[in-house]
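Coordinate inspection notes
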Amino acid sequence: MKVSLKWLQEYVNIIISPEELAHKLTMVGLEIEDIEYLGAKYEKFVVGKVLEASKHPNANKLTVCKVDVGSEVLQIVCGAPNVALGQVVAVGLSGAVVPHNQHDPDGKPFTLSNVKLRGVESFGMICSAYELGLGEDKDGIIVFESEAKAGTPLAEFLGQDDIVFEVGITPNRADALSHIGIAREVAALLESKIAYPKINLQECSKKTSEAATIIINDIENCPRYSGRVLLNVKVGESPKWLQNRLTAIGIRPVNNVVDVTNYVLMEYGHPLHAFDYDTLAGNKIVVKCAKEGEKFTTLDHKERTLKSDTLMICDGERNIAVAGVMGGENTEITETTKNVLLESAYFNPRSVRRTAKYLGISSDASQRFERGANPNITAVAIDRAAQLIQELCGAEVLQGVLDVYPQKIQQRIVPVRVSRTNQLLGTNLERNDVVNLLKKIELTPLPSKQNANEDTIEFEVPTYRIDLEREIDLIEEVARVFGYDNIQTDTSSRFTFSSQPPKRDFENELREWFVGRGFHEAVINSMNDIETAKLASNEFVEVANPISKDMAALRTSMLPGLLNSVRSNIFHGTKDVRLFEFGRVYFKKEAPKQGDYVSGFYEEDRLAIVLSGLAERRHWDGRVQKSDMFELKGELEACFSKVFLDNYKFIPYPIADLLMDDSLTIEINGQTIGKVGKIRHDMLKRFEIEQDVFVAELNLALLEQNKRMKNVYQPLPKYPSVMRDIAVVVDEQIPVGTLIEEITANGGSLLKQIELFDIYSGDQISAGKKSCAFALELTSEDHTLTQDEIDKQIQLIVKHLSEKLNASLRT
């Protein structure tokens, strides 16, 4: 919100610099985001008076002028055809930056300097309205009709020497959305008194109640509605001071009546609206809700579709305004308006918030009503507006205010304890200190009751401070007014930190890993149809009251849901799929298990992974690598290494499975934690998938149980490692995993890494045999290995393989 310093100074005496004021306001929670000096663009521009005007000796279209600029008389060569003796003009002195160059196509600014024009020196420039940004006239200089002392700074003469603060108002401080609201804070900071505007209305003998009627049908959403009628209003342009005030804070002047309502809005923070009285059917105001689907055109000339809960202002026949949001086109103030009905109401914040959001309108009025306006200021605001319209428009103000206020909203009583205040703030304030601090922001202490606790003070909170509801709110106000800088910070506290590192969330740890590997997380409904639930187990849990047959049972496996996601991705053009999901599966269980949430049932946390399509992007040389079982197995192995799991095995058990072919069971430390495999062809047909899909499903709880809790630091090796390759011939039935286990078990401390790089079976070896080639990395932590040590270790490995697996070294 923009706040004018000149405007503020009408309510409170400000004796400090703008920068210091900005700092103080920021320190009490009203952050000053920017300070704009409006007169900065007219620096080195002054009001001048033309004392002489004669033809240029060497140019017919130029005039040589003598101009009084206050401190001296300057010779200025002017090219405008309308320059003449005695004119009051705007003069730019040497060094001034002219906002617009009328000879430049883009109107870019330029800096003035002393120049010679056709042999005659010129020490400044007499400016046009366009050059100063005051209009579009480029044909001649701007001539001021009013008299002004020569040398007066142009910004001061134009009324644009104000300083404007951009204030960041937090949502809870609706009271600060006005100049008077900010003035209250300034008065408290400077220990000054705030001077509220004096309202002096000259009312005629005719009563407002004879000219209009107000009916509220929805008291909940409109607890109060005040109205005044003004006759013989002369609608026209607002005086310059009012236009300058509104322009300074970013409001476009419209006409004197509308400008007054905006002025009072920014002065008191209470929205007003002016209706053309002669357009009101039955001279009546009715507050009620709209009909569903009803159409209404607002002041921005857009037709809106209303809902049945949209609160509307109506006359005797039709809608004329959206309550608290925006007026209607059918009753707007125009040049032909003669009589005006002023509205000053209080609307329920929830109602305005709902309506503004639905209609997509955010007006100055709705922003204030949404946060909470002051219900007890409607009459004051409408009297202030009527006074200004009477002064500016010559209006005849009817006697009295039509004020429908069925149930007055009372001021809130909030107690605060001095001891609690000091405890929370770390201060040593006395009872009188708390009272005086809160009185500065117009909170009134109530008289102490007999036998009352002297530690507790009750305060009456004005209705404009809707944010003050509890004791803690008042303690915060004490801290603000006392000054955060004045609260001592030398109190020491002791903290005991645990020697154990904080436990990391295992699920998040895995999630980070899979996302980093290019997977996307899926979140899938945990209910299936009964046939799908039977795919993984017959011990499925039926839903007692399913909303559809597709959600009749709780899932027994997470894989069907992921297969549906794969199908959906393929149907939408994404055939390369990498997904994972964390979730639960559910089963019936006859014998209750300790720790079950519900007797006879149990749940299991699982991690499911799915791969399908290409393993990597197509390569420029035509290579295409499809996802397969080995890729998924490799991802799992890398994951296990990441979470510091060891002693894991992938075991090819021939177990019948309705979902998977070629499945591998995963064991860690002898516990089965899940399986990995390829989805059966008939299952793929069932899910309308025409490409291979590879999946894994793991028990998350067992996975976490086997996690190594501590990381062991190992320094980088100091001595070089040695690589040796061996190829052994074994029976085809012996798994490569068994070979790796035996080599690892007999590699001793020197063997650091083993990697399979070739498998061969064919004419060069016996039938029923296969050759497996491994790369072995050997190193020592305390010395460089010798050839004898390396050969001895390799011989031990080969000897063991020969004895245990009947392997022979391939030559």
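Structure shown above.
One structure accompanies this document, and this report is about it. (Residues numbered from 1 in each chain as written. Predicted model: local features only at pLDDT ≥ 70, side-chain atom pairs only at ≥ 80, totals over all residues. Heavy atoms only, no water.)

Let us now look at the overall build of the protein. Scanning the protein from N- to C-terminus turns up 22 helices and 42 strands. In terms of overall size, the protein is more extended than a compact globule, its C-alpha atoms giving a radius of gyration of 42 Å where 811 residues would be expected to give roughly 28 Å. With the principal axes as the frame, the protein shows a C-alpha extent of 120 × 85 × 60 Å. Classification of the 811 residues of the protein by burial places 47% in the buried group. Sequence separation of 24 or more characterises 67% of the internal contacts of the protein that already satisfy a separation of 6 or more. (Helix = DSSP H or I, 4+ residues; strand = E, 2+ residues; numbered from the N terminus. Rg over C-alpha atoms; globule rule 2.2 N^0.38 Å. Buried < 20%, exposed > 50% of the residue type's maximum accessible area, 1.4 Å probe, protein only. Contact = heavy atoms within 4.5 Å.)

Turning to the nonpolar core, a few remarks are in order. Within the largest apolar cluster, 56 residues are counted, with the highest numbers of intra-cluster contacts made by I182, V233, V257, L342 and I389. When contributions to this core are tallied by element, the ones reaching two or more residues are α1 (5-8), α2 (18-27), β13 (163-168), α5 (179-189), α7 (240-248), α8 (256-268), β24 (340-346) and α11 (378-393). Excluding its chain neighbours within four sequence positions, the residues that come into contact with I389 are L230, V233, V257, V260, L342, G394 and A395. By size, the runner-up hydrophobic cluster in this structure holds 40 residues, among which are Y225, I285, V352 and A373. (Core = buried A, V, L, I, M, F, W, Y, C linked by side-chain atoms within 4.5 Å.)

Our focus in this paragraph is a negative patch on the surface. A surface patch of like charges, here negative, comprises E31, E33, D34 and E36. On the secondary structure map, D34 appears in strand β2 (residues 31-37). Note on D34: relative accessible area 44%, which makes it partly exposed. (Patch = residues over 30% accessible without salt bridge, like charges linked within 9 Å, V, L, I, M, F, W, Y side chains within 5 Å. Areas by Shrake-Rupley, 256 points an atom, 1.4 Å probe, with all protein chains shown as cover. Salt bridge = Lys/Arg side-chain N within 4 Å of Asp/Glu carboxyl O. Lys, Arg positive; Asp, Glu negative; His and termini not counted. Charge placed at Lys NZ, Arg CZ, Asp CG, Glu CD.)

A separate point is the packing of aromatic side chains. Taken as a whole, this structure holds ten aromatic pairs when the rule is applied. Their ring planes at 90° and their centres at 5.7 Å tell us that W241 and Y263 sit as a pair that is edge-to-face. Residue W241 is found in helix α7, and its partner Y263 is found in helix α8; the two are separated by 22 residues along the sequence. On the accessibility criterion, Y263 (2% relative accessible area) is buried. (Phe/Tyr/Trp six-rings, centres within 6.5 Å; stacked < 30°, edge-to-face > 60°.)

Contact geometry for helix α9 (residues 349-359) and helix α10 (residues 364-371): axes closest at 7 Å, N-to-C directions at 135°. In terms of orientation, α9 and α10 fall into the oblique class. For the pair α9 and α10, the crossing hand works out as left-handed. Contacts from P349, V352, R353 and A356 in α9 reach S366, F369 and E370 in α10. Tallied by class, residues from the contact of α9 with α10 come to four nonpolar, one polar and two charged. (Axes fitted to C-alpha atoms, helices over the stretch in contact; angles between N-to-C directions. Parallel < 35°, antiparallel > 145°, perpendicular 65-115°, else oblique. Left-handed = near helix turned anticlockwise from the far one by under 90°. Nonpolar A, V, L, I, M, F, W, Y, C, P; charged D, E, K, R; others polar.)

As a further point, take the environment of A696. Following the sequence through the fold, A696 ends up in strand β38 (residues 693-699). With 100 residues separating them along the chain, A696 and L796 place their C-alpha atoms 38 Å apart.

Bringing the sheet that holds β2 into the picture now. The three strands are arranged β1-β13-β2 in an open sheet whose pairing can be described as antiparallel. The open sheet is flanked by β1 (2-4) and β2, the only strands paired with a single partner. The average undirected angle you get between the axes of adjacent strands in this sheet is 30°. Of the strand pairs in this sheet, β1 and β13 are connected by three bridges, and their pairing is antiparallel. For S4, the partnering residue across the bridge sits in β13 and is V164. (Pairing = 2+ DSSP bridges.)

A few words on unusual backbone geometry. The phi torsion at E191 lies on the positive side, around 50°, for a residue other than glycine. Assignment of secondary structure puts E191 in the loop between α5 and β14 (203-207). Although it is not a glycine, E442 adopts a positive phi angle of roughly 65°. Locating E442 in the fold gives a position in the loop between α13 (431-439) and β28 (444-445). What makes E442 partly exposed here is its relative accessible area of 27%.

So, on to the pattern of salt bridges. All told, the structure shown has 39 salt bridges when counted by the stated rule. Here D161 ties to K6 by a salt bridge, and the two come within 2.5 Å at their closest N and O atoms. With D161 in the loop between α4 (154-158) and β13 and K6 in helix α1, this residue pair connects regions lying 155 residues apart in the sequence. Of the charged contacts in the structure, one is a salt bridge between R304 and D300, with a shortest N-O distance of 2.4 Å. Judged by its relative accessible area of 11%, R304 is buried. Of the residues examined, D300 reaches a relative accessible area of 29% and is grouped as partly exposed. Connected through salt bridges with shared partners, the residues R173, D175, E185, R465, D467, E477 and R480 form a single ionic network.

Two elements in contact, helix α15 (residues 506-516) and helix α18 (residues 629-642), have axes whose closest approach is 11 Å; the angle formed by their N-to-C orientations is 135°. Classified by the angle their axes make, α15 and α18 are oblique. Crossing of α15 over α18 shows right-handed handedness. Residue-level inspection shows L510, W513 and F514 of α15 in contact with α18, the latter providing E635, A638, C639 and K642. Residue classes in the contact of α15 with α18 are distributed as five nonpolar, no polar and two charged.

Okay, the pairing of strand β33 (residues 577-588) next. Most of β33 is tucked away: ten of the twelve residues are buried. The sheet contact formed by β33 and strand β34 (residues 601-612) spans twelve bridges and is antiparallel. Looking across to β34, one finds that V585 is bridged to E604.

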